[in-house]
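Here is how the chains run, residue by residue.
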Amino acid sequence: MKRQGVQRVNWIGVLVFALFICVLPFLFSKSFYITKATFAGLYTIVAVGLGLLMGFAGQISLGQAAFYGVGAYSTAVLSTTYGINPWLSLLVSLLVPALVAYIMGQTMARLHGYYLAMATLAFGIVIHVLLVEWKSVTKGASGLYGVPKIEIFGFAFKQGLSYYYLVWTFALIVIIISLNIIHSRIGRALRSIHDSEIASSAMGVDTGKYKMQVFIISAMFAGLAGWLFAHMSYSISPTSFGLNHSILFLTMVVLGGATSVWGAVFGAFLISLINILVHTLGSHISFITSDFEHVLYGLILMLVVIFLPRGVFPSLVSLLKSYDYKGKKKKEKGQVEAVKGEHHV
Amino acid sequence: MGELMQYLITGLTIGSMYAIVALGFVTIYSVTKVINLAQGEFVMLGGMIMFSFTKAGVPYIFSFFLTILTVIIIGFLIEATIIRKAKNADPLSLIILTIGAAIFIRGIASMFWGKDPVKIAPFLANNEPISIFGASITPQSIWVMVFMLAIVAILYILMEKTMIGKAFRACSANPLAARLMAISPKKMSAFSFAFSAGLGAIAGLVIAPILFPAYDMGIMLGIKGFSASILGGLGSAPGAVIGGILLGLIESFGAGYISSGMKDAIAFGAVLLLLLIRPFGILGEKNVGKGGL
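Residues take numbers from 1 onward in each chain, read along the sequence in its written order. Naming scheme: in the order in which they are written, chains are lettered from A and ligands are numbered from 1. In keeping with the model being predicted, local features are shown solely for residues with a pLDDT of at least 70 and side-chain atom pairs are shown and tallied solely at 80 or more, while totals for entire chains, interfaces and linings include all residues. Water and hydrogen atoms play no part in the side-chain values, which are based on all heavy atoms of the structure.

You'll find chain B entered in an unreviewed UniProt entry as Branched-chain amino acid ABC transporter permease, with Lottiidibacillus patelloidae given as the organism. The Sequence similarities (unreviewed entry) comment attached to chain B in UniProt states, word for word, "Belongs to the binding-protein-dependent transport system permease family. LivHM subfamily." Check the Subcellular location (unreviewed entry) section of the UniProt entry for chain B; it says "Cell membrane". UniProt positions are given in the numbering used here, feature names are shortened, and annotations may be inferred rather than shown by experiment.

Looking at an unreviewed UniProt entry, chain A carries the name Branched-chain amino acid ABC transporter permease, with the source organism given as Lottiidibacillus patelloidae. Taken directly from UniProt, the Subcellular location (unreviewed entry) text for chain A runs: "Cell membrane".

J.: I would appreciate a short explanation of the overall build of chain B in the present structure.
T.: We count a stretch as a helix when DSSP gives it H or I for four or more residues in a row; a strand needs E for two or more, and each element gets its number in order from the N terminus. On a plain count of helices and strands, chain B comes out with 11 helices and 2 strands. Along chain B, helices and strands appear, N-terminal first, in the series α-α-α-α-β-β-α-α-α-α-α-α-α. Throughout, the radius of gyration refers to the C-alpha atoms, and the reference size of a globule is 2.2 Å times the residue count to the power 0.38. For 293 residues, the compact-globule formula gives about 19 Å, and the C-alpha radius of gyration of chain B, at 19 Å, lands near that figure. Across its three principal directions, the C-alpha atoms of chain B cover 60 × 50 × 35 Å. With 293 residues in all, chain B has 56% of them scored as buried. Any two residues whose heavy atoms approach within 4.5 Å are treated as being in contact. Partitioning the contacts of chain B with sequence separation of at least 6, the portion at a separation of at least 24 is 75%. Each accessible area value is a Shrake-Rupley result obtained with a 1.4 Å probe; residue values ignore everything except the protein chains displayed when judging cover. For chain B, the accessible area works out to roughly 11,900 Å², and carbon and sulfur atoms hold 71% of it. Once the 19 positive and 11 negative side-chain charges of chain B are each reduced to a mean point, those two points are 13 Å apart. Accessibility here uses a 1.4 Å probe with only protein chains present; expressed as a share of the type maximum, an area under 20% marks a residue as buried, one over 50% as exposed, and anything in between as partly exposed. The charge count includes Lys and Arg as positive and Asp and Glu as negative, but it does not include His or the ends of the chains. The location of each charge is read from NZ of Lys, CZ of Arg, CG of Asp or CD of Glu.

J.: I tried to follow the UniProt feature "transmembrane region" (unreviewed entry) in chain B on my own but got confused; where do I start?
T.: Mapped onto this numbering, the UniProt entry annotates "transmembrane region" (unreviewed entry) at residues 6-27, 60-80, 92-113, 141-159, 190-215, 235-258 and 265-283 of chain B. Helix makes up 85% of residues 190-215 of chain B and strand 0%. Its end C-alpha atoms lie 25 Å apart.

J.: For this particular structure, what's the right way to read helix α5 (residues 113-133) of chain A?
T.: Note on helix geometry: an α-helix contains 3.6 residues per turn, so any two residues three or four positions apart are oriented the same way. Multiply 1.5 Å by the residue count of a helix minus one, and that product is the helix's expected span. Between the first and last C-alpha of α5 of chain A there are 30 Å, a value that for 21 residues agrees with the 30 Å anticipated at 1.5 Å per step. When you tally the buried positions in α5 of chain A, you get 16 out of 21 residues, the bulk of the element.

J.: What is the right way to look at a nonpolar patch on the surface in this model?
T.: On the surface, a nonpolar cluster with roughly 530 Å² of combined accessible area is contributed by Tyr82, Ile84, Leu88, Leu91 and Leu95 of chain A. Tracing the backbone shows Leu91 of chain A in helix α4 (residues 86-108). Residues form patches when they are more than 30% accessible in relative terms and have no salt bridge. Like charges link within 9 Å. Nonpolar side chains (Val, Leu, Ile, Met, Phe, Trp, Tyr) link within 5 Å. One speaks of a salt bridge when a side-chain nitrogen belonging to Lys or Arg is within 4 Å of a carboxyl oxygen belonging to Asp or Glu.

J.: Sorry if this is basic, but what is going on with the pattern of salt bridges here?
T.: Working definition: two side chains of opposite charge can pair if their charged atoms are close together. Residue and element names in this part refer to chain B. This model, assessed by the stated rule, comprises 5 salt bridges over all chains. When the shortest N-O distance is used, the salt bridge between Glu41 and Arg106 registers 3.4 Å. Of this pair, Glu41 sits in helix α2 (residues 39-55) while Arg106 sits in helix α4 (residues 91-113), and the two are 65 residues apart along the sequence. Both residues of the pair, Glu41 and Arg106, count as buried.

J.: What am I meant to see in the environment of Ala80 of chain B here?
T.: All names here are of chain B. Within the secondary structure, Ala80 is located in helix α3 (residues 60-83). Using a relative accessible area of 24% as the deciding quantity, one classes Ala80 as partly exposed. Through-space distance from the C-alpha of Ala80 to that of Asp264 is 34 Å; in sequence the pair is 184 residues apart.

J.: Could you clarify how one ought to interpret the nonpolar core in this entry?
T.: In this structure, Tyr68 and Leu228 of chain A are the most contacted members of the largest nonpolar core, which totals 209 residues. Looking at which element gives the most residues to this core, the answer is helix α10 (residues 207-232) of chain A, with 15 residues. Apart from residues no more than four positions distant in its own chain, Tyr68 of chain A is found in contact with Leu42, Tyr43, Val46, Ala222, Ala225, Gly226, Phe229, Ser240, Phe241 and Phe249 of chain A. In this text, buried Ala, Val, Leu, Ile, Met, Phe, Trp, Tyr and Cys residues form a nonpolar core when linked through side-chain atoms within 4.5 Å. Judged by nonpolar contacts, the second largest core, of 5 residues, contains Ile9, Ala135, Ile137 and Met145 of chain B.

J.: What am I meant to see in the confidence of the model for chain B here?
T.: Predicted coordinates in areas of low pLDDT are best not read in detail. All names here are of chain B. For chain B, per-residue confidence averages 85 on the pLDDT scale, and residues scoring 70 or more make up 97% of the total. Each residue gets a pLDDT score, which is the predictor's confidence in that residue and runs from 0 to 100. Between residues 286-293, whose pLDDT stays under 50, and residues either more than four places distant or in other chains, the model counts 21 contacts. Both scores are given for the predicted complex: the pTM is 0.86, the ipTM 0.85.

J.: Help me out: how do you make sense of the packing of aromatic side chains in this one?
T.: Each aromatic ring pair is summarised here by two numbers: the centre-to-centre distance and the angle between the ring planes. In this scheme Phe, Tyr and Trp rings, the latter by its six-membered ring, pair at centre separations within 6.5 Å, and the angle between planes marks the pair as stacked below 30 degrees, edge-to-face above 60, and tilted otherwise. By the definition in use, this model includes 32 aromatic pairs over all chains. Ring centres of Phe64 of chain B and Phe65 of chain B lie 5.5 Å apart, and the angle between their planes is 80°; this geometry places the pair in the edge-to-face category. Taking 6.2 Å as the distance between ring centres and 50° as the angle between the ring planes, the aromatic pair formed by Phe64 of chain B and Phe147 of chain B counts as tilted. With Phe64 of chain B in helix α3 and Phe147 of chain B in helix α5 (residues 139-161), this residue pair connects regions lying 83 residues apart in the sequence. Classification of Phe64 of chain B by relative accessible area gives buried; the value is 9%. For Phe147 of chain B, a relative accessible area of 19% puts it in the buried group. One aromatic cluster is present, formed by Phe39, Tyr43, Tyr68, Tyr73, Phe229, Phe241 and Phe249 of chain A through successive ring pairs.

J.: Would you explain the interface of chain A and chain B in this entry?
T.: Contacts between the two partners involve 37 residues from chain A and, on the opposite side, 47 residues from chain B. Summed over both sides, the interface between chain A and chain B buries roughly 3,700 Å², with carbon and sulfur atoms accounting for 83% of that surface. The term buried area means the drop in 1.4 Å probe accessible area that two parts suffer when joined, counted for both and summed. Of all residues in chain A, Tyr114, Tyr115 and Met118 of chain A give up the largest surface area on contact with chain B, accounting jointly for 23% of the area buried on that side. At the junction of chain A and chain B, the tally comes to 0 salt bridges. Sorting the residues of the side of chain A that touches chain B by element identifies α4, α5, α11 (243-256) and α13 (290-307) of chain A as the ones contributing at least two each. Residues belonging to the side of chain A that touches chain B are distributed by class as follows: 29 nonpolar, 5 polar and 3 charged. Each residue is assigned to one class: nonpolar for Ala, Val, Leu, Ile, Met, Phe, Trp, Tyr, Cys and Pro, charged for Asp, Glu, Lys and Arg, and polar for all the others, Gly among them.

J.: Help me understand the UniProt feature "transmembrane region" (unreviewed entry) in chain A in this model?
T.: All names here are of chain A. According to UniProt, the positions carrying the feature "transmembrane region" (unreviewed entry) are residues 9-28, 40-58, 88-105, 112-131, 163-182, 214-234, 246-274 and 295-313. In residues 9-28, helix accounts for 85% and strand for 0%; the two terminal C-alpha atoms are 31 Å from one another. The distance from the first to the last C-alpha atom of residues 40-58 is 24 Å, and the span holds 89% helix and 0% strand.

J.: It is not clear to me how the confidence of the model for chain A should be interpreted in this structure. Could you clarify?
T.: Residue and element names in this part refer to chain A. Residues with a pLDDT of 70 or more make up 91% of chain A, whose mean pLDDT is 82. Across chain A, helix α3 (residues 64-81) holds the top mean pLDDT of 92, while helix α14 (residues 312-344) sits lowest at 57. This model gives residues 1-5 a pLDDT under 50, and the stretch forms 2 contacts once residues within four places in sequence are excluded. Across residues 329-345, confidence stays below pLDDT 50; counting only partners more than four residues off in sequence or on other chains, it has 3 contacts.

J.: Would you take a moment to explain the environment of Leu283 of chain B for this structure?
T.: Residues and elements named next belong to chain B. Looking at the element boundaries, Leu283 is found in the segment after α11 (263-277). With 110 residues separating them in the primary sequence, Leu283 and Ala173 have C-alpha atoms 18 Å apart. Setting aside residues up to four positions removed in sequence, Leu283 forms contacts with Gly232, Ser236, Pro238, Gly239 and Ile242.

J.: Just checking my understanding: could you explain the packing of helix α6 (residues 163-173) of chain B against helix α8 (residues 185-211) of chain B for this structure?
T.: Each packed pair of helices is defined by two parameters, the angle between the axes and the distance between the axes. Residue and element names in this part refer to chain B. Where helices are involved, their axes are fitted lines through C-alpha atoms of the stretch in contact, as for all axes, and angles between N-to-C directions lie from 0 to 180°. Between α6 and α8, the shortest axis-to-axis distance is 10 Å and the interhelical angle comes to 110°. When the axes of α6 and α8 are compared, the pair comes out roughly perpendicular. In this structure, α6 uses Ile164, Ala167, Phe168 and Cys171 to contact α8, whose residues at the interface are Pro185, Met188, Phe191 and Ser192. To sort the angles, those under 35 degrees are grouped as roughly parallel, those over 145 as roughly antiparallel, those from 65 to 115 as roughly perpendicular, and the leftovers as oblique.

J.: What is the right way to look at helix α9 (residues 217-232) of chain B in this model?
T.: All names here are of chain B. Taking 1.5 Å per residue as the helical rise, α9 with its 16 residues ought to reach 22 Å, and the 23 Å between its terminal C-alpha atoms agrees with that figure. Along α9, 14 of the 16 residues are buried, which leaves the element largely enclosed by surrounding structure. Taken from the residues just after α9, Gly233 is the one with a positive phi, measuring 105°.

Okay, here's the thing in structure tokens:
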């Protein structure tokens, strides 16, 4: 086991994953699957941000869909009502959620545990109600329609393969940023906060500052996903940004594993797979409906918390490592002794 | 004057509902330190099972008690199968666990009862509104308040005057010491779940004639009950009642004077504001160390 002073991002892993994303659409041809894979990319962006918040800063958010909605509505309102270029409104879709997160963070910094969970829940509901009721801007429950497509050098990203690549390009950027964050000074500070907030603040870590930064980053990621979602669909309505979606994002992170960036990615993929599975089975078996999907999500949440509290991905990794470990056992033992020897000297 | 009175009565009625749900949260929390976000589903089950029993031709009063019994068994089963397995998990995982349980129950309910709301007869055949100071109130609304007061009284007697209440408080204060005194925290945990499932069922039963229960009624009621217990200060029964009534009043006056569509936003906005001023709720957690309730 080679110990490094600073842990580095595993670029090979990123590269392998990027290749996987590139060839994925060619493994199947139906546009239904490509749409689902595009959604997996959107969900990945939100889930990675939520994973940073939950797994590294140790903060729960039951209202993440609100930031997703704020991002989507920011761009939809600007580009449809005011005709502003989507690339310009991208900035707004990132900044408005960040600002909202900053204000909410000031409030929530004083809350812990169940009180924090309640506050995020309340926040998510307030935003959802505002999306429905602020009719002069959001057009109420029926939502906004006619959201323009994103264009670059005259090329419009319509639904399908081109949008799939656009979404996943952003998703990969988000993954790389997140990997960099957790392998940096901030990441180490966050992990220490996650283990013990009191101990790390005693060591001089400004816990409040780091928690706030991660909260803002996760809100910006959700805003980015909202921006992509708004320009993918022709119309948006408040139903896509309610409590159900917040819980869906939570499910992804818990399922995949909150303590790893790849865990969140894995979770987003698994949920999309389950969605496809239920959809395909549903067309053959009348018993399997969209209600059944919810039963399944509930069951998954419970089973994962009970049997795989760290999530599927970290458990898989440690399982693979333990196989590897058997072969290298002797070598490592020798190393441990060498270290001990050094210590004596 | 009539308008104000009407909002006050409506606020007290829904506030009492939230208070009953919040008392369920507090009962479990003060014994096990678990917040059971499936509490709202117990309320929903109360209404829906009552509907099934009365539809099957079981007399009203028997359906009432059979429903409570059924939901108590469900609560007991949830504790025995899910919560006990994950007892040592951190609060974050426990929240997620009970959210999972809530989604699961809700999904099953929508497959079993369908998505349409059901209708249940009020307690008294004559549910004509009574006029008080220019405002009207239905007998069923009075029943909700009566049940809330009765539950508070029963909870108080149970917790303060009986051995079981002492055992509850002992487990809450120090599970290890409680075990040394031959009290089983496991049994108490199961009992608290069964008990609060029963409370949820009662809440569901008394409000069913007003609210027309549907498979998804538990979400909002659960969240409102949770915020009422947080507002009052987790682990405090008087706090839960105050929190519930306060939330009901804010909601009712918000809906009346500002906008009915905004009532949830106003209620939760107020919760956020109050948490900003008092991060540990109105009555704080000062009772928890002494055994809650």
